[in-house]
Amino acid sequence: MKVAAVGDNCLDVYEKEGKQYPGGNPVNVGVYLRRMGVDASYTGAVGTDSYGSFMVDALNGKGIDTSHVHVDEGSTAITKVEIVNGNRVFGDYIEGVMEDFAPTDDDVKFFCEHDLVVSGIWGHADKAMPAVHAAGVPVVFDFSDQPQDPMVLETVPYVDYAFFGLESDDNEQVRTYMRDIQSKGPKVVVVTLGENGSLAFDGTDFYKGDIVECEVVDTMGAGDSFIAGFIKGILEEQDIPTCMKMGAESSAVTLGYSGAW
């Protein structure tokens, strides 16, 4: 099994700590999948600066296929981050060459050679999802905390598993939204609810997932690692509650150290 992770990457720069960590939604998911023994590739754009080579080297070091990484003249994306009481607080985001990234026809052909494709709302890859979907390759898409973004309605018809991260609890407003989104195309809609666990809807039933208690060092990448664990469950043809449990277990590992990986 091999998963194509497509979209944004960035260096998470912790200025107060004087540290930097590679990250980005699909990048993180790919690395976490490798951690669980699943092969993965990453396609996105890095710059010609030192951050770009740092990112590619870091991914290669984790065993990620970087054959379709675009190296474009300019700077690699960075996000400034501060840790406050164990929670990541984002500062400035400087997108660099990722601003102009778009998958090529060759990239899309490459994606379709995989068993599953995962991308997200910040990755500039949404326009490629119809072709991937038409090829019969399952699509996982992370809409993050942007349920009202126009991209949601534009993209969900081509998504098999739609993820959202909301600072909420399991309530009727959330469930109504999930019903509406699921009716537009996805097989399953999943909402992560922070310390309140997760909720999934498959068009018939709702499933509630619990968190795995752990010491929280840094929340960076927690949602992405949940998605990775859920994807591993999909690839193993597990039922939805088991996929949710695998997501929570993966997330607990990531919460226990600084940085995304």
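Preceding block: the structure.
Treat the numbers as computed from the prediction; the structure is a model and nothing was measured. (Residues numbered from 1 in each chain as written. Predicted model: local features only at pLDDT ≥ 70, side-chain atom pairs only at ≥ 80, totals over all residues. Heavy atoms only, no water.)

Brief notes about the packing of helix α1 (residues 25–35) against helix α7 (residues 222–235)
At step 1: The interhelical angle for the contact between α1 and α7, taken along N-to-C directions, is 50°, at an axis separation of 8 Å. Between α1 and α7, the angle is such that the two are oblique. When the axes of α1 and α7 are compared, the crossing they make is right-handed. Together, Asn25, Asn28, Val29, Tyr32, Leu33 and Arg35 of α1 and Asp224, Ser225, Ile227, Ala228, Ile231 and Lys232 of α7 make up the contact between the two elements. (Axes fitted to C-alpha atoms, helices over the stretch in contact; angles between N-to-C directions. Helix = DSSP H or I, 4+ residues; strand = E, 2+ residues; numbered from the N terminus. Parallel < 35°, antiparallel > 145°, perpendicular 65-115°, else oblique. Left-handed = near helix turned anticlockwise from the far one by under 90°. Contact = heavy atoms within 4.5 Å.)

Considerations on the nonpolar core
At step 1: Counting residues in each nonpolar core, the largest one holds 43 residues, and the members touching the most others are Val118, Val140, Phe230 and Ile231.
At step 2: Per element, the largest residue contribution to this core is seven residues, and it comes from α7.
At step 3: Contact partners of Val140, with chain neighbours within four places excluded, come to Leu116, Val117, Val118, Ser119, Tyr161, Phe163, Ile227, Ile231 and Ile234.
At step 4: Counting residues in each nonpolar core, the second largest holds 32 residues, with Ala4, Val156, Leu193 and Leu199 among its members. (Core = buried A, V, L, I, M, F, W, Y, C linked by side-chain atoms within 4.5 Å. Buried < 20%, exposed > 50% of the residue type's maximum accessible area, 1.4 Å probe, protein only.)

Remarks on α1
At step 1: Judged by how many residues are buried, α1 sits mostly within the fold: nine of 11 residues are covered.
At step 2: Within α1, the full set of buried residues consists of Asn25, Pro26, Val27, Asn28, Val29, Gly30, Val31, Tyr32 and Leu33.
At step 3: Phi turns positive, to about 90°, at Gly37, one or two residues after α1.

Remarks on the pairing of strand β10 (residues 139–142)
At step 1: Along β10, one buried face is formed by Val139 and Phe141 and the opposite face, lined by Val140 and Asp142, is buried too.
At step 2: Across four bridges, strand β9 (residues 116–120) lies against β10 in parallel orientation. The residue of β10 that forms the bridge with Ser119 is Phe141.
At step 3: Taking the sense of rotation as the criterion, the β-α-β connection linking β9, helix α4 (residues 129–134) and β10 turns out right-handed.
At step 4: Note that β10 and strand β11 (residues 161–165) share three bridges and pair parallel. By the bridge assignment for β11, Val140 is matched with Tyr161.
At step 5: Viewed along the sheet, the connection from β10 through helix α5 (residues 150–155) into β11 turns out right-handed. (Pairing = 2+ DSSP bridges. Right-handed = clockwise from strand over helix to strand, strands pointing away.)

A closer look at the sheet that holds β11
At step 1: If you trace the eight strands from one edge of the open sheet to the other, you get β4-β1-β9-β10-β11-β12-β13-β14, paired in mixed fashion. With partners counted over all chains shown, the strands left at the sheet margins are β4 (39–43) and β14 (206–209), one partner each. Within this sheet the neighbouring strands show an average axis-to-axis angle of 15°, counted without direction.
At step 2: For strand β1 (residues 2–6) and β4, the ladder comprises five bridges, and the chain directions are parallel. Among the inter-strand pairings, Val6 is bridged to a residue of β4, identified as Thr43.
At step 3: Along the sheet, helix α6 (residues 172–182) contacts β11, β12 (188–192), β13 (198–201) and β14; its crossing angle with β13, the most-contacted strand, is approximately 40°.

Some thoughts on α7
At step 1: If you check α7, its first and last C-alpha atoms are 20 Å apart, about what 14 residues at 1.5 Å a residue would give, namely 20 Å.
At step 2: With respect to burial, α7 is a largely interior element, 13 of its 14 residues being buried.
At step 3: Note on α7: the residue one or two positions beyond its end, Glu237, has a positive phi of about 60°. (Expected span 1.5 Å × (residues − 1).)

Some thoughts on the pattern of salt bridges
At step 1: Evaluation of the coordinates by the stated rule reveals 10 salt bridges.
At step 2: The residue Arg34 makes a salt bridge to Asp39 at a minimum N-O spacing of 3.3 Å.
At step 3: Here Arg34 falls in the partly exposed class, since its relative accessible area comes to 26%.
At step 4: Across the salt bridge formed by Asp170 and Arg175, the nearest N and O atoms sit 2.8 Å from each other.
At step 5: Judged by its relative accessible area of 22%, Arg175 is partly exposed. (Salt bridge = Lys/Arg side-chain N within 4 Å of Asp/Glu carboxyl O.)

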